[in-house]
Amino acid sequence: MKNLITKRITLKLWKILLPAVILLLPVACSVSQFVPAAGVESENLYAIIRTDTLMIVIKPQSYPGSYQEINNHFFSLFIRIKNTSGQRLKLQQGSFSILCQQQQYDPIPLDYILADLERKMMLKEISDPFAENVFSYNIAERNKEQEMYYELVNNAFPWGELLPGGIKEGYLFYNKDITTTNSFVIDALGHSVTFQKTKV
């Protein structure tokens, strides 16, 4: 009799707890991400800036390339710019600064990130200098790392002149500390856009 009562109570508890767990699970597993703040023109979580001479599209997102370790060390933004004017537009690295908690962050130079990747590749090659075969490093692995290197070069935002009617797009990388804040403002060619962290 005691076992029967215990089974009924357990069954009732499961009937109560299971729906609660199912309802709370998506909330517990939700991820925070930066989205354009209220009042910012946006589409599909991309902030859009339109002027008489250009259109800028910005979205904070992880770098999607094969060098995924970069997302552990840097905060990345995807930026796309279209020159709608009849004149050339000069894009300089200081043109895209982030301000959060009164701290200004400029993009980290791609050369620094590439040098870090090269260093990791080199250290992997000579990880065991006392090995019998020093050249035991897998050639296929080296080729894969070189592809990551060139993929990163191709996906990074290209600086320089933007021709009339031309489009440039790519990723910029910033200090990882930005991810710890609830909001930030990016100044893109003199036009400010605010992003706020929300759960998705």
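The structure this text deals with has already been given above.
Residues numbered from 1 in each chain as written. Predicted model: local features only at pLDDT ≥ 70, side-chain atom pairs only at ≥ 80, totals over all residues. Heavy atoms only, no water.

## Here's the deal with the environment of V35
Residue placement: V35 occurs in strand 1 (residues 32-36). Residue classification places V35 among the buried residues on the basis of a relative accessible area of 12%. Here V35 is in contact with L45, T194, F195, Q196 and T198, once residues within four sequence places are set aside. (Helix = DSSP H or I, 4+ residues; strand = E, 2+ residues; numbered from the N terminus. Buried < 20%, exposed > 50% of the residue type's maximum accessible area, 1.4 Å probe, protein only. Contact = heavy atoms within 4.5 Å.)

## A few points about the nonpolar core
Formed by 25 residues in total, the largest nonpolar core has its most connected members in I58, L77, I79, I98, Y174, F184 and I186. Elements supplying a minimum of two residues to this core: strand 3 (46-50), strand 4 (54-60), strand 5 (74-83), strand 7 (96-100), strand 10 (167-175), strand 11 (183-188) and strand 12 (191-199). At four residues, strand 5 tops the list of elements feeding residues into this core. Apart from the residues within four sequence positions on either side, I58 is in contact with L45, Y46, A47, I49, L77, F78, I79, I186, A188 and F195. Among the nonpolar cores identified, the runner-up in size contains 14 residues, and I113, Y149, L152 and F173 belong to it. (Core = buried A, V, L, I, M, F, W, Y, C linked by side-chain atoms within 4.5 Å.)

## Quick notes on the pairing of strand 4
When you tally the buried positions in strand 4, you get six out of seven residues, the bulk of the element. Relative to strand 4, strand 3 runs antiparallel, the two sharing four bridges. By the bridge assignment, R50 is partnered in strand 4 with M55. What sits between strand 3 and strand 4 in their antiparallel hairpin is a turn of three residues. (Pairing = 2+ DSSP bridges.)

Take it as geometry only, folks, not as evidence of what the structure does.
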